[in-house]
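Coordinate inspection notes
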There are 8 protein chains.
Amino acid sequence: ARRGFAEVVYCEGKTPEQSALIMARLAARGESNVLGTRATREVFELLKKEVPDAEYDDVARAVVVRRGEQASLGSVLVVAAGTSDLRVAEEAALTASLMGSHVERLYDVGVAGLHRLLRQLDRLRTARVLVVVAGMEGALLSVVAGLVDKPVIGVPTSVGYGAQLQGLTPMLGMLTSCVPGSSVVNIDNGFGAGYLANMINRLGEA
Amino acid sequence: ARRGFAEVVYCEGKTPEQSALIMARLAARGESNVLGTRATREVFELLKKEVPDAEYDDVARAVVVRRGEQASLGSVLVVAAGTSDLRVAEEAALTASLMGSHVERLYDVGVAGLHRLLRQLDRLRTARVLVVVAGMEGALLSVVAGLVDKPVIGVPTSVGYGAQLQGLTPMLGMLTSCVPGSSVVNIDNGFGAGYLANMINRLGEA
Amino acid sequence: ARRGFAEVVYCEGKTPEQSALIMARLAARGESNVLGTRATREVFELLKKEVPDAEYDDVARAVVVRRGEQASLGSVLVVAAGTSDLRVAEEAALTASLMGSHVERLYDVGVAGLHRLLRQLDRLRTARVLVVVAGMEGALLSVVAGLVDKPVIGVPTSVGYGAQLQGLTPMLGMLTSCVPGSSVVNIDNGFGAGYLANMINRLGEA
Amino acid sequence: ARRGFAEVVYCEGKTPEQSALIMARLAARGESNVLGTRATREVFELLKKEVPDAEYDDVARAVVVRRGEQASLGSVLVVAAGTSDLRVAEEAALTASLMGSHVERLYDVGVAGLHRLLRQLDRLRTARVLVVVAGMEGALLSVVAGLVDKPVIGVPTSVGYGAQLQGLTPMLGMLTSCVPGSSVVNIDNGFGAGYLANMINRLGEA
Amino acid sequence: ARRGFAEVVYCEGKTPEQSALIMARLAARGESNVLGTRATREVFELLKKEVPDAEYDDVARAVVVRRGEQASLGSVLVVAAGTSDLRVAEEAALTASLMGSHVERLYDVGVAGLHRLLRQLDRLRTARVLVVVAGMEGALLSVVAGLVDKPVIGVPTSVGYGAQLQGLTPMLGMLTSCVPGSSVVNIDNGFGAGYLANMINRLGEA
Amino acid sequence: ARRGFAEVVYCEGKTPEQSALIMARLAARGESNVLGTRATREVFELLKKEVPDAEYDDVARAVVVRRGEQASLGSVLVVAAGTSDLRVAEEAALTASLMGSHVERLYDVGVAGLHRLLRQLDRLRTARVLVVVAGMEGALLSVVAGLVDKPVIGVPTSVGYGAQLQGLTPMLGMLTSCVPGSSVVNIDNGFGAGYLANMINRLGEA
Amino acid sequence: ARRGFAEVVYCEGKTPEQSALIMARLAARGESNVLGTRATREVFELLKKEVPDAEYDDVARAVVVRRGEQASLGSVLVVAAGTSDLRVAEEAALTASLMGSHVERLYDVGVAGLHRLLRQLDRLRTARVLVVVAGMEGALLSVVAGLVDKPVIGVPTSVGYGAQLQGLTPMLGMLTSCVPGSSVVNIDNGFGAGYLANMINRLGEA
Amino acid sequence: ARRGFAEVVYCEGKTPEQSALIMARLAARGESNVLGTRATREVFELLKKEVPDAEYDDVARAVVVRRGEQASLGSVLVVAAGTSDLRVAEEAALTASLMGSHVERLYDVGVAGLHRLLRQLDRLRTARVLVVVAGMEGALLSVVAGLVDKPVIGVPTSVGYGAQLQGLTPMLGMLTSCVPGSSVVNIDNGFGAGYLANMINRLGEA
Ligand SMILES: Nc1ncnc2c1ncn2[C@@H]1O[C@H](COP(=O)(O)O)[C@@H](O)[C@H]1O
Ligand SMILES: Nc1ncnc2c1ncn2[C@@H]1O[C@H](COP(=O)(O)O)[C@@H](O)[C@H]1O
Ligand SMILES: Nc1ncnc2c1ncn2[C@@H]1O[C@H](COP(=O)(O)O)[C@@H](O)[C@H]1O
Ligand SMILES: Nc1ncnc2c1ncn2[C@@H]1O[C@H](COP(=O)(O)O)[C@@H](O)[C@H]1O
Ligand SMILES: [Mg+2]
Ligand SMILES: [Mg+2]
Ligand SMILES: [Mg+2]
Ligand SMILES: [Mg+2]
Ligand SMILES: [Mg+2]
Ligand SMILES: [Mg+2]
Ligand SMILES: [Mg+2]
Ligand SMILES: [Mg+2]
């Protein structure tokens, strides 16, 4: 693998045939995991014919082929509030995991019900890196970054309506967060967050 | 007074002489309090010559003339995070107070240090209406509205830089808050928030 | 009920099955009303199999299950101009009503035909809280807030085209309204307006 | 004069010397009125040395030289709400007047106090063209256009703060007005509105 | 007819049944023309059952019922550049015509081929009011307004891509035009332009 | 010279001392012309002490040191409408000229007075490359590109107010121009346009 | 051919019948190539019935009819990074080629893998004009313009999501590029880039 | 120190007296370094009276008080292109250094002159974390992230004009970068980048 433990194919903007073909070739090399993001089930069906052990993750909309022993080092925690943010959260979790990180999830902990979040303070504080996925106003990033002393990566999502502006509002909110120790990736970019989280997490292994 | 207990003059865009003259006339009627918002000290100096008991509030940048007995009913709580938001918070507090509400303040309670806020849960929950003043990403509105069961008025402020967009970012964030029970007024509009808070607060007196 | 008299489920972004399941469980507890907002008829059909007394509101696109005696206290007035804003107005009216408020409607009163609105001055002035739903330029909020001395909640709608910017224009217009006593919720957020209106209305009962 | 009865010089972006020189030359021809918009007092002082009967209008920030008999035909009504919009309203009134129109003013009639406006219904309805100058949310254009059956030109102003966006909000609001019979010129463009109002007004003379 | 010679129904956001019903009732009164804008063919089919002399205009997407003698006074000229702007241009032409104006069209005259436009200078100059419909960068409004001495109404259209921003770019361009004598209506609002053009045109009849 | 015939220093964001020092060093090498853009007169005064033959161009706000024989090849035509756009036009003209191009100017030819422009058709058509500098709505680029068959570079300027949005409006308008054969550089970037014009012009020499 | 060697028809916004008819007529004249951009396969099928030697380019979504001997002068290089930008790149390449330029392609050379680009330095430097097509952040334009001394035309594409803003982000980035020698056309406007590239390229033939 | 090795005071929006007082108190505790960001020289002068060993950093506009032994662990590399971005780069470098990181700088390496950057490949690849500071179009982040396999933090700066939009353009560009392994902080937020870089860097020490 060029960088990390998975070769990645971004399937949006490719035909299902193109996507499946590229992934089949990468899987054939057998050297590293293969991850196809933004993949429809159709991509998966095509790929499975060539690569029977390919898997499809419905929520993350990703195709995965695992190769070799899977590493699971350190600790990445993916935090998300609403059900509707899960597809992005799972994309992040799957990516970091395939890249070799041990990944945990903490879902359904929004700022509306703060006490649910505070009850999980221990889990928050034992992670080495955190990914916070949040649509709406994105306040969750500030709250989590205020509770931990570790790097926190914010992923704004396009979930919401009206003034949410397809994710621009949480994106801008996360960037102006008054809590240091966090940074931001593109709207809905669970892959980018998972990739970076793994990269940071593994620095702690060196 | 036409509506509430104070006649209000918005001094921005008027010459100091115009502002002072209008306020002097209102004060002369002696029927209600007079409030001059966005007033420079110069307005105040001019007014004091005519109305010796006029007062100036440096932080709220407001001129005040009190007339008759001051009411102090119910309970409005003004919540703010940073020092730099205080001029807006004080404009809200002063307005609600002049209109006849009992006003309390809870300052320096940002989302970065959540525990400071949580320690004040009792004060938050005994207020009848709350005003939350916040710049940066405006996450404080969601957090506070999640902790209380009373109407919360959000005032985004123009304090911040870059992606804060002179207050547009917290304004948009407050409008998309995932916590019901809150609404929003214009950026830096402490007056509007204080006016509305008093209006709601006094419904509880009827 | 955690807060108020209805448990609320936001059906957008959930599968019909998920939505129906959650509501069926809440209805089974039998303690409070259940409200499913942004619900398709499909959600309702699924729910009705489990909860025969569930109702569907076509205009508000909401599913409702009523439990126990329905309160109808105080007075919330929902004002709207055009036919096309009714789905948002009805979401607000239904929400406030299920939460325990007495709700009245004043529809088809736009700023283009001011005299129709002025003929209803009495009804406007006897309400304890008002919700003004308006697309286009949103001028109705300023006009109504100028006529009454009660809190007015503005709901901009996404109805219009071109410079209306999917509701951003009335949202910005409502926020800069020169009439005090009003505040704003997100574009098309009838639920948020109805929830807040009930909260304020019931302060007047205490 | 190429078009109408006044030669116009736009002084912004020219040095005072340049502006005064151009206007002096135009005045020397003696054929038509000369109007210098966005002119500082300094421009006027320089011009007066050459053209002793030049006048300066403080509010409209305009320099004027009248030549020949002044026409005053038909009827243009300039409507404005706040004191702070007067500089734009006066630019419009002065322009239309110099171009040969009879101009009337109706100031201090905002949507917040509708009854003041309604009391002037007769004056509104006897005008041949109306110019409505409004900052804040610009609702006044819709209200006035709904009351009369004549062309109404809206001029949004940059007066306001926060969500008013230096005039973009009333500009967008005026463009999406639900009342037909109106159109819009650029923010603060009193000159353009007065010019067009005179053009339309004089069609009624033909 | 309340205002002008046609009753207008805006069909977008109404069901075909609602639209047809309202128009049938208006046509039954028989007093004035009836115009249904943004109407699908389905609306027309429904209406024709009740009102056999109803007509449908494919390009303008409008339903029309003519009643009584049709006036055709003065002269409105509708100017447009591209084929793709015709649906808006025809909405304007049809509206002004139904309201009683004599309407002419000048199509396929863009700024790219200026000489085609200049060859029509006579027709441009004999019109009493002009409507300029333009997508792309909207430069046509400035060019036309520079050639005539009559009021010109600009209608930006949403035709274009990328930086055209669904019509915002020509809208902003038209508003900042350096040529006086023009004003602007909402993107794609052919109806508003035609309505206003007729209003101005008929001033010239008085 | 690294690329072309002049070394360029962008003086904005440097102290006058820094700017003068860098230019003095480049001039000392004596190999190529030196151009300091966005330079205050102070920069020039400092430089002149070291480099007595340095020149200052007030309109273009540029410092120039000429070295060796000056080339003047081919033909670049800089076109501009208003007086206020001249500082950008002159920056373009000076840059192209120092880089070795023969430069001509055609100023005061706006779309408002098209005939002035058309009278210069010969000069427009004999240029090898054109630079069109325009603020307001930027329509001049489309008009000029429609008249010639050579590459036209558009430079939007920040001159204007309100909807002109500090140059964004002409920038967007130029990008959506319906006339092929043109491209656009950044707002006010006379340097970039002049640099590119010279580059293209000199292709014609090869 | 009016300008260049191909007559161009922009098929978007025309019916397939209209597009095919216009192109058939142009082809019948037999004087120059005919190019239909943004054409569906349906347009091609209709045209082929009349013009059997018409061709369809799937990637560029263009219909082509070649007439006479094809010129192939000078050298235009089209550079693109991702697979998803190819439809725009091919539109540019096809346009320049039909207009008479010799066109080369350099694809799959993004900034992520700089060394692939650097290995092609010779090909970059032998081109007379370059077209750089890039979505995402558009950095490729700056990198390429920094490596060559020839005019570079940037075409931002709408490929990406979230903060990419349908191409606005690379468009703005390309306009603010710190490397001189480049200019920008509209988002996805491969045609405009190809047209201009040919125009510049052929200057080098004179 | 609550978090890291320096107590931080954000001086913007505080009076010099307030800033100096807070820093003096923190310095008196003697436990950790004290950093005052966005501090004027006046703040420093006031502080020096109380804390003689306070230092002022002109470029980073920061006041520093060092306490105890200074750690210098791992390796943070701050990369910047132009002179004008240095104040942000130095804020980042100073912050990371005070927090305990070994910091190196790589300045004057823009995308315009790629070879200067490539010559430093070794230094780029030996850093554990990188901070890339870039105004203009922000392309440098993509280029650097493509060359290294370590986390890269992008800091857009507000340096530029026109389409640079005070830093929004590089901010959006960095967020849509097609190279994984990077994330973004607010415009001009050197402090946030330095803080986070240290946090990540020190993970590598554990
Ligand atoms: N139409 C709506 N718009 C915004 N928020 C809503 C809406 N309807 C319900 N909600 C909120 O969504 C919450 C339920 O979300 P969920 O748990 O995802 O079903 C409720 O408590 C409300 O706060
Ligand atoms: N306040 C104004 N806003 C916009 N355009 C104006 C204004 N005043 C004058 N103009 C226009 O500017 C032209 C004069 O411009 P100039 O030749 O630069 O002085 C006049 O003919 C008007 O069309
Ligand atoms: N295409 C249109 N765009 C904007 N407003 C329109 C349009 N067509 C009709 N209208 C306006 O909508 C009103 C009728 O609205 P309604 O009562 O909802 O049918 C008319 O009186 C017009 O003022
Ligand atoms: N007015 C300008 N606008 C944009 N870029 C410029 C300008 N003047 C010079 N430049 C660019 O800035 C570079 C010099 O930058 P510097 O090394 O910071 O002086 C030159 O090579 C040009 O590419
Ligand atoms: Mg933290
Ligand atoms: Mg609450
Ligand atoms: Mg009121
Ligand atoms: Mg009217
Ligand atoms: Mg004209
Ligand atoms: Mg041309
Ligand atoms: Mg180059
Ligand atoms: Mg990398």
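Residues numbered from 1 in each chain as written. Chains lettered and ligands numbered in written order. Predicted model: local features only at pLDDT ≥ 70, side-chain atom pairs only at ≥ 80, totals over all residues. Heavy atoms only, no water.

1. Observations concerning the overall build of chain A
In terms of regular secondary structure, chain A is built from eight helices and nine strands. Computed over its C-alpha atoms, the radius of gyration of chain A comes to 17 Å, within 12% of the 17 Å expected for a compact globule of 206 residues. When the backbone C-alpha atoms are referred to their principal axes, chain A occupies close to 50 × 45 × 25 Å. Residue burial in chain A is summarised as follows: out of 206 residues, 62% are buried. Nonlocal contacts in chain A, meaning residues at least 24 apart in sequence, comprise 68% of its contacts between residues at least 6 apart. Summed over all atoms, the accessible surface of chain A reaches about 7,200 Å², with 50% contributed by carbon and sulfur. Charge separation in chain A, taken as the distance between the mean sites of 21 positive and 22 negative side-chain charges, equals 2 Å. (Helix = DSSP H or I, 4+ residues; strand = E, 2+ residues; numbered from the N terminus. Rg over C-alpha atoms; globule rule 2.2 N^0.38 Å. Buried < 20%, exposed > 50% of the residue type's maximum accessible area, 1.4 Å probe, protein only. Contact = heavy atoms within 4.5 Å. Areas by Shrake-Rupley, 256 points an atom, 1.4 Å probe, with all protein chains shown as cover. Lys, Arg positive; Asp, Glu negative; His and termini not counted. Charge placed at Lys NZ, Arg CZ, Asp CG, Glu CD.)

2. Regarding the sheet that holds strand β3 (residues 55–57) of chain E
Residues and elements named next belong to chain E. Reading across the sheet, the four strands line up as β1-β2-β4-β3 and stay open at both edges, with mixed pairing between neighbours. Since the sheet does not close on itself, it has two edges, and those belong to β1 (6–10) and β3, each with one partner. For this sheet the average axis-to-axis angle between neighbouring strands, irrespective of direction, equals 20 degrees. Inspection of the sheet shows β1 paired to strand β2 (residues 33–37) by five bridges, in the parallel sense. The residue bridging E7 from the neighbouring strand is V34, located in β2. (Pairing = 2+ DSSP bridges. Axes fitted to C-alpha atoms, helices over the stretch in contact; angles between N-to-C directions.)

3. Notes on the site of ligand 1
Around ligand 1, the neighbouring residues are Y161 of chain A, C178 and P180 of chain B together with V8, V9, Y10, K14, T37, R38, E91, N189 and F191 of chain C. Bordering ligand 1 are residues originating from chains A, B and C. Within the side chain of K14 of chain C, an N or O atom sits 2.7 Å from an oxygen atom of ligand 1. Notes on ligand 1: free accessible area 500 Å², of which the protein chains cover 74%. (Near = heavy atom within 4 Å. Polar contact = N/O pair within 3.5 Å; in protein donor to acceptor, adjacent residues only side chain to side chain.)

4. Digging into the interface of chain C and chain A
Across the contact, 10 residues belong to chain C and five residues belong to chain A. Of the roughly 660 Å² buried between chain C and chain A on both sides combined, carbon and sulfur atoms contribute 60%. Taken together, chain C and chain A are joined by zero salt bridges. Taken together, the connections running from chain C to chain A amount to three residue pairs in polar contact (both at pLDDT 80 or more). (Buried area = accessible area lost by both parts, 1.4 Å probe. Salt bridge = Lys/Arg side-chain N within 4 Å of Asp/Glu carboxyl O.)

5. Some words on the relation of the copies chain C and chain A
The two copies are related by a screw motion: chain C maps onto chain A through a turn of 90 degrees and a shift of 0.1 Å along the axis, at an RMSD of 0.0 Å. What we have between these two chains is a four-fold relation. Relative to the rotation axis, the C-alpha of L165 of chain C is the closest in chain C, positioned 7.8 Å from it. (Least-squares fit on C-alpha atoms with pLDDT ≥ 70 in both.)

6. Regarding the interface of chain H and chain A
Between chain H and chain A, the contact holds 26 residues from the first and 26 residues from the second. For the pair chain H and chain A, the number of links is zero salt bridges. Elements supplying a minimum of two residues to the side of chain H that touches chain A: α7 (168–175), β9 (182–184) and α8 (190–203) of chain H. Counting residues per element, the side of chain H that touches chain A draws most heavily on α8 of chain H, at six residues. Per-class residue counts for the side of chain H that touches chain A are 14 nonpolar, seven polar and five charged. (Nonpolar A, V, L, I, M, F, W, Y, C, P; charged D, E, K, R; others polar.)

7. Concerning the arrangement of the chains
Separated throughout, chain A and chain D approach each other most closely at a C-alpha pair spaced 13 Å apart. A gap remains between chain A and chain E, which never touch, and the nearest two C-alpha atoms on either side lie 16 Å apart.

8. Digging into the confidence of the model for chain A
The predicted coordinates should not be examined in detail at positions where pLDDT is low. Taken over all residues, the pLDDT of chain A has a mean of 93, while the share at 70 or more is 98%. Across the assembled chains, the prediction reports ipTM 0.95 with pTM 0.96. (pLDDT = per-residue confidence, 0-100.)

9. Structural notes on the site of ligand 3
All residues adjacent to ligand 3 are Y161 of chain C, C178 and P180 of chain D together with V8, V9, Y10, K14, T37, R38, E91, N189 and F191 of chain E. The site occupied by ligand 3 is bordered by residues of chains C, D and E. In the environment of ligand 3, an oxygen atom lies 2.9 Å from a nitrogen or oxygen atom belonging to the backbone of Y10 of chain E. One of the side-chain N or O atoms of K14 of chain E is found 2.7 Å from an oxygen atom in ligand 3. Within the complex, the protein chains bury 73% of what would otherwise be the 500 Å² of accessible surface of ligand 3. A total of three residues in the shell around ligand 3 trace back to one element, the largest contributor, which is β1 of chain E.

10. Remarks on the coordination of the magnesium ion (ligand 11)
Protein coordination at the magnesium ion (ligand 11) comes from A145 of chain G (O) and V148 of chain G (O), with a distance range of 2.1 to 2.2 Å. Each member of the pair, A145 of chain G as well as V148 of chain G, carries the same accessibility label: buried. (Donors = N, O, S within 2.8 Å, 3.2 Å for Na, K, Ca; no water.)

11. Let's talk about the environment of R66 of chain H
Residue and element names in this part refer to chain H. Its place among the elements puts R66 in the loop between β4 (62–65) and β5 (73–80). Note: C-alpha distance between R66 and A54 (12 residues apart in sequence) is 7.6 Å. Every residue in contact with R66, bar those within four places of it in the chain, is listed here: N33, D53, E55, L94 and L98. Among the polar contacts made by the side chain of R66, one reaches the side chain of E55 at a distance of 3.4 Å.

12. Some remarks on the packing of aromatic side chains
Applying the stated criterion across every chain yields a total of 24 aromatic pairs over all chains. Relative to Y195 of chain B, the ring of F191 of chain B has its centre 5.8 Å away and its plane inclined at 55 degrees; by these criteria the two rings are tilted. Taken together, the residues F191 of chain B and Y195 of chain B, both in helix α8 (residues 190–203) and four residues apart, mark about one turn of the helix. For Y195 of chain B, a relative accessible area of 6% gives the class buried. When the ring centre of Y161 of chain F is taken as reference, the NZ or CZ atom of R38 of chain D above it lies at 4.4 Å. (Phe/Tyr/Trp six-rings, centres within 6.5 Å; stacked < 30°, edge-to-face > 60°. Lys NZ or Arg CZ within 6 Å of the ring centre and 35° of its normal.)

13. A short note on the sheet that holds strand β4 (residues 62–65) of chain D
Residues and elements named next belong to chain D. Read across the open sheet, the four strands follow the order β1-β2-β4-β3; overall the sheet is mixed. Looking at strand neighbours, the two that pair on one side only are β1 (6–10) and β3 (55–57), the edges of this open sheet. When strand polarity is set aside, the average angle formed by the axes of neighbouring strands in this sheet is 20 degrees. Where helix α2 (residues 41–50) meets the sheet, its contacts fall on β3 and β4, and the angle it forms with β4 comes to roughly 25 degrees. Against the sheet, helix α3 (residues 86–98) engages β1, β2 (33–37), β3 and β4, with an angle of about 165 degrees to β2.

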